[in-house]
Amino acid sequence: MGSLKRNIKPGDFVICDQFIDQTKKRKDTFFNGPQVAHIEMAYPYCPEFRKIAVSQAKKLNLRIHGKGTVVVIEGPRFSTLADSLRFSKMGGDLINMTQYPEVVLALELGICYLNISLVTDYDAGIYAGSKIKPVSIDQVLNNFKKNNAKLKKLVSAVIKNTPERTGCGCKEKAERALIG
Ligand SMILES: [Zn+2]
């Protein structure tokens, strides 16, 4: 996951609360008619799961940001400097190529969806002109390796601390969405 903001640093964790879809070619619904799903997307990530993830990350002393907006691009290429600046200005905190449409498809089925972002690099734009290098695949893989153990710990802590029923409303959201 690339950072679009100076204060979100490689090695930090972000529990995203918003996404901006910049993908182009992906199928993003199970319902292509006659039944369609107009799913509410103001708060795409499960509020209960997010709370659990934030509190467990704090317990593990991780460098955590309790919310953030991720821009999902089509890829497979990384951004140009201009792309990266644009995404940062449009309100993005992070950038990557996954989780859209996964989050929407999960919600259509009433499945709670959580995003735990591990920051691996500063994307191309924010340090344009400074000594910090723009993202490369080596940088991403190295930082991922370095922090992978922490990520695994956090995921397992979230799973252990998830109650059987949460009353989060994700399932009901899916039921309300169906028309036709
Ligand atoms: Zn939920």
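Rules behind the numbers
- Residues numbered from 1 in each chain as written.
- Predicted model: local features only at pLDDT ≥ 70, side-chain atom pairs only at ≥ 80, totals over all residues.
- Heavy atoms only, no water.
- Helix = DSSP H or I, 4+ residues; strand = E, 2+ residues; numbered from the N terminus.
- Rg over C-alpha atoms; globule rule 2.2 N^0.38 Å.
- Buried < 20%, exposed > 50% of the residue type's maximum accessible area, 1.4 Å probe, protein only.
- Contact = heavy atoms within 4.5 Å.
- Donors = N, O, S within 2.8 Å, 3.2 Å for Na, K, Ca; no water.
- Tetrahedral: all angles 85-135°; square planar, octahedral: opposite > 155°, others 65-115°.
- Pairing = 2+ DSSP bridges.
- Right-handed = clockwise from strand over helix to strand, strands pointing away.
- Arc of directions from axis to C-beta.

Caption draft 1: Layout of the overall build of the protein chain. A count of helices and strands for the protein chain gives 5 helices and 10 strands. At 17 Å, the protein chain has a C-alpha radius of gyration in line with the 16 Å of a compact globule built from 180 residues. Considering only C-alpha atoms, the protein chain reaches an extent of 55 × 40 × 25 Å along its principal axes. Every one of the 180 residues in the protein chain was classed for burial, and the buried ones make up 46%. Taking the contacts inside the protein chain whose residues are at least 6 apart along the sequence as the reference set, 86% of them involve residues at least 24 apart.

Caption draft 2: Structural context of the coordination of the zinc ion. Within the first shell, the zinc ion binds the protein through C46 (SG), C112 (SG), C168 (SG) and C170 (SG), at distances of 2.3 to 2.4 Å. Between the 4 donor atoms coordinating the zinc ion, the angles at the centre fall across 99 to 114°, so the site counts as tetrahedral. Along the chain, the residues that donate to the zinc ion are spaced as C-x65-C-x55-C-x1-C. Of this pair, C46 sits in the loop between strand 4 (36–37) and helix 1 (47–59) while C170 sits in helix 5 (residues 170–177); the two residues are 124 residues apart in sequence, bridging distant segments of the chain.

Caption draft 3: Layout of the pairing of strand 6 (residues 69–73). Buried residues dominate strand 6, accounting for 5 of its 5 residues. Along strand 6, one buried face is formed by T69, V71 and I73 and the opposite face, lined by V70 and V72, is buried too. Note that strand 3 (residues 18–22) and strand 6 share 5 bridges and pair parallel. Looking across to strand 6, one finds that D21 is bridged to V72. Of the strand pairs in this sheet, strand 6 and strand 7 (residues 94–96) are connected by 3 bridges, and their pairing is parallel. Bridge pairing links V72 to N96 in strand 7. With helix 2 (residues 81–89) bridging strand 6 and the parallel strand 7, this β-α-β connection has right-handed handedness.

Caption draft 4: Region of the structure containing helix 2. Looking only at helix 2, the buried set comprises D83, S84, F87 and S88. Here the buried residues of helix 2 occupy an arc of 130° about the axis, which is enough to place them on one side. Turned more than 90 degrees off the buried face of helix 2, the exposed positions are A82 and K89. Looking at the buried residues of helix 2, the elements they touch are strand 3, strand 6 and strand 7. After helix 2 finishes, the residue G91 shows a positive phi value of roughly 110°.

Caption draft 5: Fine view of the sheet that holds strand 3. Taken in spatial order, the 5 strands make up an open sheet running 3-6-7-1-9, and their pairing is mixed. Each end of this open sheet is capped by a strand with a single partner; those strands are strand 3 and strand 9 (121–122). In terms of strand pairing, strand 1 (residues 2–3) meets strand 9 through 2 bridges, oriented parallel. If you follow S3 over to strand 9, its bridge partner there is Y122.

Remember, this is a structural readout, not a statement about activity or role.
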